[in-house]
Amino acid sequence: MENAVQNRLQSVQFGKAQRYQNLAILPLIAPADGACQYRTLGEALAAWDLAITEVSEAGSVPNLMVINRATQPVLLLDGEELAGARQNRVLNTSILIKGCSETRIPVSCTEQGRWAYTTRAFAESGNIMAFKARARKTRSVHESLESLGSYQSNQGDVWNSIDKLYSKAGFRSATAAMSDLFKAQTEALLKCDEVFQLVPGQVGLLAFVDGQLVGAEMISRSAAYARLHAKLVRSYALEALMPSDPAPAGKPGEPAPAPGGSSAPPKPAGEADLTASARQFFAEVAAAKEQQFPSVGLGTDCRYEARNLVGTALVHEQEAIHAAFFRLDDSESPSHRRRPFPRRHPLG
């Protein structure tokens, strides 16, 4: 395993668990920040130092153009959603955009029913893709890197993941936009904002659904994590709080039913149980197979897989800038799902 990632796993400490319904968050706290300086997407867009557009007037579904006018790098997070232009997209991997640069970035569509300009440039949607969809996308991008050497996702899998969320929510949107699912669950997500509070020194989180660990996130700097905290929590909360069984489909524009998790959730795991699960998960991550690929921006893109686990880490100057690891069930395990990767994007 890349030493920077191993060191980060060993350095973080577990905070006290925070809970809402069937979702529990265990804060990850670091004794010190990394030295690498960068800004988040939201910061750079707010300062008008970053512009994200289609690659041309006609556009290309799996690619966008990023112009960084400032000298400081900007961190774009895997799964972070960009809204506007011809259709909403999410990042296929975490990228540290160089200062004073133009970079073509790999993305996936999260809005099937629109291919027309609403704005010329993209804005921050405020969302990070729901955790199960991110896990599947992480796996498919890894397969693409192995077979094609590109950061392409399986777009069909991305759309299927969003369709499953619509099915669970019993909600329909005119353009099948992922962002509409977040809007429909605003009340529950605002409650999560209140419950899952940022703690001093926090640089990441471990998420548990119905007592089972489903994912982990780590950022190199606490100030950067603070700006991403609510978005990351919501990426786990959106799906965790939805009913386990699909709800009856509503008409386009109808609000989704109130979320409530599974009808009979298991007894909440105790603090010691969550910590023990966290340590076991980190041990599995440390033992996972690692492959390294040149990043789209600065640094190295490290990919991890083991039975029932996938992950990714962006490493630059011996620092793990962002790392994310997800638990997969047996049907989604890399060993069960390995297949030739399509050579053409569904929409070209």
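Please read all numbers here as calculations on a predicted model, not as lab measurements.

Some thoughts on the layout of surface pockets
- For the largest pocket, the calculated volume is near 440 Å³.
- Surrounding the largest pocket, 23 residues form its lining, F131, K132, V209, V214 and D329 being those nearest its centre.
- When residues of the lining of the largest pocket are assigned to their parent elements, the largest contribution, 4 residues, is made by helix α3 (residues 131-147).
- Of the residues in the lining of the largest pocket, the class split is 10 nonpolar, 4 polar and 9 charged.

Quick notes on unusual backbone geometry
- Positive phi, normally seen in glycine, also occurs at A85, with a value near 45 degrees.
- One can find A85 in the loop between β8 (80-84) and β9 (89-91).
- On the basis of relative accessible area, A85 is assigned to the buried category, the value being 0%.
- For E317, which is not glycine, the phi torsion reads 50 degrees and is therefore positive.
- Counting through the fold element by element, E317 comes out in the loop between β17 (309-316) and β18 (319-327).
- The exposure class assigned to E317 is exposed, which follows from its relative accessible area of 59%.

Observations concerning the nonpolar core
- L23, Y38, L181, L205 and Y236 are the most contacted members of the largest nonpolar core, which totals 51 residues.
- Those residues in contact with L205 that sit more than four places away from it in its chain are I25, L26, L28, G215, A216, E217, Y225, L232, V233 and Y236.
- Among the nonpolar cores identified, the runner-up in size contains 30 residues, and F282, C302, A323 and F325 belong to it.

What about the sheet that holds strand β12 (residues 122-128)?
- Strand order in the open sheet formed by 6 strands is β5-β6-β11-β9-β8-β12, with antiparallel pairing between adjacent strands. Lying at the two open borders of the sheet, with one neighbouring strand each, are β5 (50-54) and β12. When the angles between neighbouring strand axes are averaged without regard to direction, this sheet yields 40 degrees.
- Strand direction decides the pairing type here: β8 and β12, joined by 4 bridges, are antiparallel. What sits directly across from E80, in β12, is I128.
- Taken strand by strand, helix α7 (residues 222-240) contacts β8 and β12, and its axis lies near 55 degrees from that of β12.

What to know about the sheet that holds strand β4 (residues 39-40)
- Reading across the sheet, the 3 strands line up as β4-β7-β10 and stay open at both edges, with mixed pairing between neighbours. Pairing within the sheet leaves two strands with one partner each, and these edge strands are β4 and β10 (95-97).
- Here 2 bridges tie β4 to strand β7 (residues 74-76), and the two strands are oriented parallel to one another. Paired with R39 across the bridge in β7 is V74.

Quick notes on the pairing of strand β16 (residues 300-306)
- Here β16 lies mainly inside the structure; 5 of its 7 residues are buried.
- As judged from the 6 bridges shared by strand β15 (residues 289-294) and β16, these two strands associate in the antiparallel manner. Bridge pairing in β16 places F293 opposite D301.
- The turn linking β15 back onto β16 is made up of 5 residues, and G299 within it adopts a positive phi angle of 90 degrees.
- Relative to β17, β16 is paired through 7 bridges, and the arrangement is antiparallel. Within the sheet, the bridge partner assigned to T300 lies in β17 and is V315.
- Between β16 and β17, which pair antiparallel one after the other, the connecting turn spans 2 residues, and N308 there sits at a positive phi close to 70 degrees.

Some remarks on the environment of M129
- Mapped onto the elements, M129 comes out in the loop between β12 and α3.
- A sequence separation of 103 residues divides M129 from L232, and the C-alpha atoms of the two residues are 8.8 Å apart.
- Those residues in contact with M129, other than ones at most four positions away along the chain, are G79, V90, T110, R134, K137, V158, M178 and S235.

Topic: the side chain of R89
- Note that R89 resides in strand β9.
- A relative accessible area of 0% places R89 in the buried class.
- Of the polar contacts made by the side chain of R89, one reaches the backbone oxygen of S60; its length is 3.1 Å.
- There is a polar contact of 2.9 Å between the side chain of R89 and the backbone oxygen of Q87.

Procedures and definitions
Throughout this document, residue positions are counted from 1 along each chain, in the order its sequence is written. For a predicted model such as this one, the threshold for reporting local features is a pLDDT of at least 70, and the threshold for listing and counting side-chain atom pairs is 80 or more; totals across whole chains, interfaces and linings nevertheless cover every residue. Here the side-chain values reflect all heavy atoms present in the structure, with hydrogen atoms and water set aside. In this analysis the probe radius is 1.4 Å and the grid spacing 1 Å, with only protein atoms considered; a cavity is a set of points the probe fits into but cannot get out of, a pocket is an open set with protein on both sides within 12 Å along at least five of seven lines, and lining residues have an atom within 4 Å of a point. Grid points are joined across faces, edges and corners, and a volume is the space filled by probe spheres set on the points. Strands here mean DSSP runs of E at least two residues long; helices mean DSSP runs of H or I at least four residues long; both are numbered from the N terminus. Amino acids are sorted into nonpolar (Ala, Val, Leu, Ile, Met, Phe, Trp, Tyr, Cys and Pro), charged (Asp, Glu, Lys and Arg) and polar (every other residue, Gly among them). Here the term buried applies to any residue with accessible area under 20% of the maximum for its type, exposed to any over 50%, and partly exposed to those in between, with areas from a 1.4 Å probe on protein chains only. The criterion is simple. A nonpolar core is a set of buried Ala, Val, Leu, Ile, Met, Phe, Trp, Tyr and Cys residues joined through side-chain atoms within 4.5 Å. The contact criterion used throughout is that any non-hydrogen atoms of two residues lie within 4.5 Å. When DSSP locates at least two bridges between a pair of strands, those strands are taken to pair. The angle between two axes is taken between their N-to-C directions and runs from 0 to 180 degrees, where each axis is a line fitted to C-alpha atoms and a helix contributes only its stretch in contact. A 3.5 Å cut-off defines polar contacts: any pair of N or O atoms within that distance qualifies, except that in protein one atom must be a possible hydrogen donor and the other a possible acceptor, and neighbouring residues in sequence count only when both atoms are side-chain atoms.

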